[in-house]
Amino acid sequence: MEIENVSLKIEGLPPPAPTLINALSCCNKENLAILCDFNHVILLNAQTKKDLPVFHISKTLTIPRGESLECTSWSPDGQLLVVAGRKLHLFNAVDNFQEIGVFSLHYACKDISVGWKKDADFDKYMIALAGPNGVEIYSCTMDTDRCFVMSDDIVALHVDLPIALLKYSSNSQYLGVAAMDGHFGIWKVKDQMEEHKDFWFLHLRTLRITSIEFSDDARKVAVSCWDGSFHVFQLIEIEGNDKFQWKTVKYNVNCPVEKVTGTLPGTLVCWSHQDRFFSLSNPTVKGTVVYVYCVESANVKQITVCAGSDYIKGITVIKINGKEYLVYFTKNRKLGLVSITPNLKMVQSPQEHWETLMENTMGKVLYNNSITSPVLSVEYNGLHCVKGSKTDNAKCTGSHDGNASSKDIMKFNIVLPKKLADICQRITHRKTEIDSHTAKIGWPNYEVLLSSNAVVFLSALAAHVYLFASKKWKSIVFKTDRKSVV
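Only a predicted model underlies this, so the values are computations on that prediction, with no experimental measurement involved. (Residues numbered from 1 in each chain as written. Predicted model: local features only at pLDDT ≥ 70, side-chain atom pairs only at ≥ 80, totals over all residues. Heavy atoms only, no water.)

1. Considerations on the overall build of the protein chain
(1) Moving on: Each helix and strand in the protein chain was counted, giving 3 helices and 38 strands.
(2) Moving on: When each of the 486 residues of the protein chain is scored for burial, the buried share is 52%.
(3) Moving on: Carbon and sulfur atoms provide 49% of the accessible area of the protein chain, an area that totals close to 23,600 Å². (Helix = DSSP H or I, 4+ residues; strand = E, 2+ residues; numbered from the N terminus. Buried < 20%, exposed > 50% of the residue type's maximum accessible area, 1.4 Å probe, protein only. Areas by Shrake-Rupley, 256 points an atom, 1.4 Å probe, with all protein chains shown as cover.)

Laid out in structure tokens, this is it:
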């Protein structure tokens, strides 16, 4: 993995809003907005010129003076942009950002996030607001030239508890909430949330949580803190009921935890498209360092992007002509890009050599031994993941939404031990003369199982499990025949 810092010069950019930690907001890795000083919201259009990314100011939204703007948020479908202070300002993003609604609040909103769900005849949004007295969630419907906020349909959460940050997941099914005292929690979004609480939380040992970012598949959430620390949690659903919890995932980034006093802003975090990478910005007295962590290969790179007198005021990830860049904006009005080049190899295997090991409603598992190294392929909910045995590198394309087309393919290379390759060989030859030979010498027959969390090779004597979360094989030897236990 290689990273490169590119500084861009854009005339006319005002400084970012001084009270904000993250002044950047992005929708669908395409639309970019900067909340600036003097009540300006700058909308940027990304293009390429001679294979280099360039930005142009496409529009400047100006909110009347007398109100201090605190936050912005896009709806997940990219149709609505909301800017908040002591009022909600709603803009139609598909109609030249015309203002289609203004709604007064009785407090200064500290953070905002817009969730979305589709009704039969209109688009319905959920606008969550963080304030000094908890969280308020408003229902909102949007027409071409108007936006209606239902003031009589409000869900109140964490009443009388000051809330600093909140964030909807990409599928709007979860709402992450950070309190001023370091408590972090996640709500499962559903109707009548105030009556049927489904809430997970814990306390983080930090002075303040500075950013919350869900992964694209909404199964991980990254939380960064003012002191330089960060945490990643993965969704664990409990079988048999609707309950859920989030388990800590350990990533070794070696981001220093050194700030205990001072005026430097906190650490910020964001995910790449398809969750291949996550990035951290960590300001120090010597300059702001950006860390880029590759989830698949566990490889981390770092680069200093600005000097000590300047520091990052916002980061996000944007796609330009199919390539992803980490975008950052600094206190001194510097807009920059960190280009991430995976340097990853994709296994190319002829389709005719794939052998189907199993297939069910979850997906199917295939095996290929005709290439340099044995490969296990898992096709799951439209995702095609190739598991190899030479390297830990990966190349990913496609989507995580389960509606991928035949072109939307994700491929990985991971270690496939020789023992597992032998098992796959035996399974593919189970109905041949080789299988009768293996039965004679006592080799057990294996069956292949597939779930959303693992692939399992199971026999009466042992089980070999590949966990998607840890990306490791685990083997279990039964003390007695599994069938007799069952």
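Resuming the write-up.
2. A look at the sheet that holds strand E6 (residues 71-74)
(1) Moving on: The antiparallel open sheet is built from 4 strands, whose spatial order is E6-E7-E8-E9. Strand pairing shows two members of the sheet lacking a second neighbour, E6 and strand E9 (98-104), which therefore form its edges. Within the sheet, the average angular offset between the axes of one strand and its neighbour, ignoring direction, is 20°.
(2) Moving on: Of the pairings in the sheet, the one linking E6 to strand E7 (residues 80-84) comprises 4 bridges and is antiparallel in character. Counterpart to Trp-74 in the pairing with E7 is Leu-81. (Pairing = 2+ DSSP bridges. Axes fitted to C-alpha atoms, helices over the stretch in contact; angles between N-to-C directions.)

3. Some details on the nonpolar core
(1) Moving on: Leu-88, Leu-90, Ile-112, Ile-127 and Leu-129 are the most contacted members of the largest nonpolar core, which totals 21 residues.
(2) Moving on: Of all the secondary structure elements, the ones that give two or more residues to this core are E7, strand E8 (87-92), E9, strand E10 (111-118), strand E11 (123-131), strand E12 (134-142) and strand E13 (147-157).
(3) Moving on: With residues near it in sequence (within four places) discarded, Leu-88 still touches Val-82, Val-83, Gly-101, Val-102, Phe-103, Leu-105, Ile-112, Ile-127 and Leu-129.
(4) Moving on: The next biggest cluster of nonpolar side chains, apart from the first, holds 19 residues, and it includes Met-358, Leu-450, Val-455 and Tyr-466. (Core = buried A, V, L, I, M, F, W, Y, C linked by side-chain atoms within 4.5 Å. Contact = heavy atoms within 4.5 Å.)

4. Side note on the confidence of the model for the protein chain
(1) Moving on: Taken residue by residue, the protein chain gives an average pLDDT of 78. The fraction at 70 or more is 77%.
(2) Moving on: Note that residues 382-411 has pLDDT below 50 and, in this model, 92 contacts with residues that lie over four places away or in other chains.
(3) Moving on: Here residues 482-486 is a poorly scored stretch, pLDDT under 50, and it has 5 contacts once near neighbours within four places are set aside; other chains count. (pLDDT = per-residue confidence, 0-100.)

5. Some thoughts on the sheet that holds strand E18 (residues 209-214)
(1) Moving on: The 4 strands lie next to each other as E18-E19-E20-E21, forming an open sheet whose pairing is antiparallel. Only two strands of the sheet have a single neighbouring strand rather than two, namely E18 and strand E21 (244-249). Here the average twist between neighbouring strands, direction ignored, is 25°.
(2) Moving on: Pairing of strand E19 (residues 220-225) with strand E20 (residues 230-237), which is carried by 5 bridges, proceeds in the antiparallel orientation. The residue bridging Val-223 from the neighbouring strand is His-231, located in E20.

6. Description of the pairing of strand E37 (residues 462-467)
(1) Moving on: With 5 of 6 residues buried, E37 lies mostly within the body of the structure.
(2) Moving on: Of the strand pairs in this sheet, strand E36 (residues 454-458) and E37 are connected by 5 bridges, and their pairing is antiparallel. From the neighbouring strand, Val-456 faces E37, where its bridge partner is Val-465.
(3) Moving on: Hairpin remark: E36 followed by E37, antiparallel, with 3 residues in the connecting loop.
(4) Moving on: Sheet analysis places E37 next to strand E38 (residues 472-477), joined by 6 bridges and oriented antiparallel. Of the residues in E38, the one forming a bridge with Leu-467 is Lys-472.
(5) Moving on: A loop of 4 residues connects E37 with E38, the two strands running antiparallel in sequence, and Lys-471 in this loop sits at a positive phi of about 55°.

7. As for the packing of aromatic side chains
(1) Moving on: The tally for this structure, following the rule as stated, stands at 17 aromatic pairs.
(2) Moving on: Consider the rings of Phe-199 and Phe-201, whose centres lie 5.7 Å apart with planes at 15°: the pair is stacked.
(3) Moving on: Where Phe-457 meets Trp-473, the ring centres are 6.0 Å apart and the plane angle is 40°; that geometry is what we call tilted. Of this pair, Phe-457 sits in strand E36 while Trp-473 is found in strand E38, placing the two residues 16 residues apart along the sequence. (Phe/Tyr/Trp six-rings, centres within 6.5 Å; stacked < 30°, edge-to-face > 60°.)

8. Regarding the pattern of salt bridges
(1) Moving on: As enumerated under the stated definition, the model contains 2 salt bridges in all.
(2) Moving on: Measuring nitrogen to oxygen at the nearest pair gives 3.7 Å for the salt bridge that ties Glu-213 to Lys-167. Linking Glu-213 in strand E18 with Lys-167 in strand E14 (residues 163-168), this pair joins segments that are 46 residues apart in sequence.
(3) Moving on: We classify Lys-167 as partly exposed; its relative accessible area is 30%.
(4) Moving on: Of the charged contacts, one joins Arg-276 and Glu-324 as a salt bridge, the two residues approaching to 2.9 Å between their closest N and O atoms. Remark: Glu-324 occurs in strand E27 (residues 323-330) and Arg-276 occurs in the loop between strand E22 (268-271) and strand E23 (277-284); sequence separation between them is 48 residues. Both residues of the pair, Arg-276 and Glu-324, belong to the buried class. (Salt bridge = Lys/Arg side-chain N within 4 Å of Asp/Glu carboxyl O.)

9. Side note on the pairing of strand E5 (residues 52-62)
Regular strands have side chains that alternate between both faces of the sheet.
(1) Moving on: Sheet topology places strand E4 (residues 40-49) next to E5; 10 bridges connect them, and they run antiparallel. Bridging from a neighbouring strand, Thr-48 pairs with Pro-53 of E5.
(2) Moving on: Hairpin connection, E4 to E5: the antiparallel pair is bridged by 2 residues, and Lys-50 has positive phi, about 55°.

10. Let's talk about the environment of His-56
(1) Moving on: Residue position: His-56 is located in strand E5.
(2) Moving on: Residue classification places His-56 among the partly exposed positions, given a relative accessible area of 42%.

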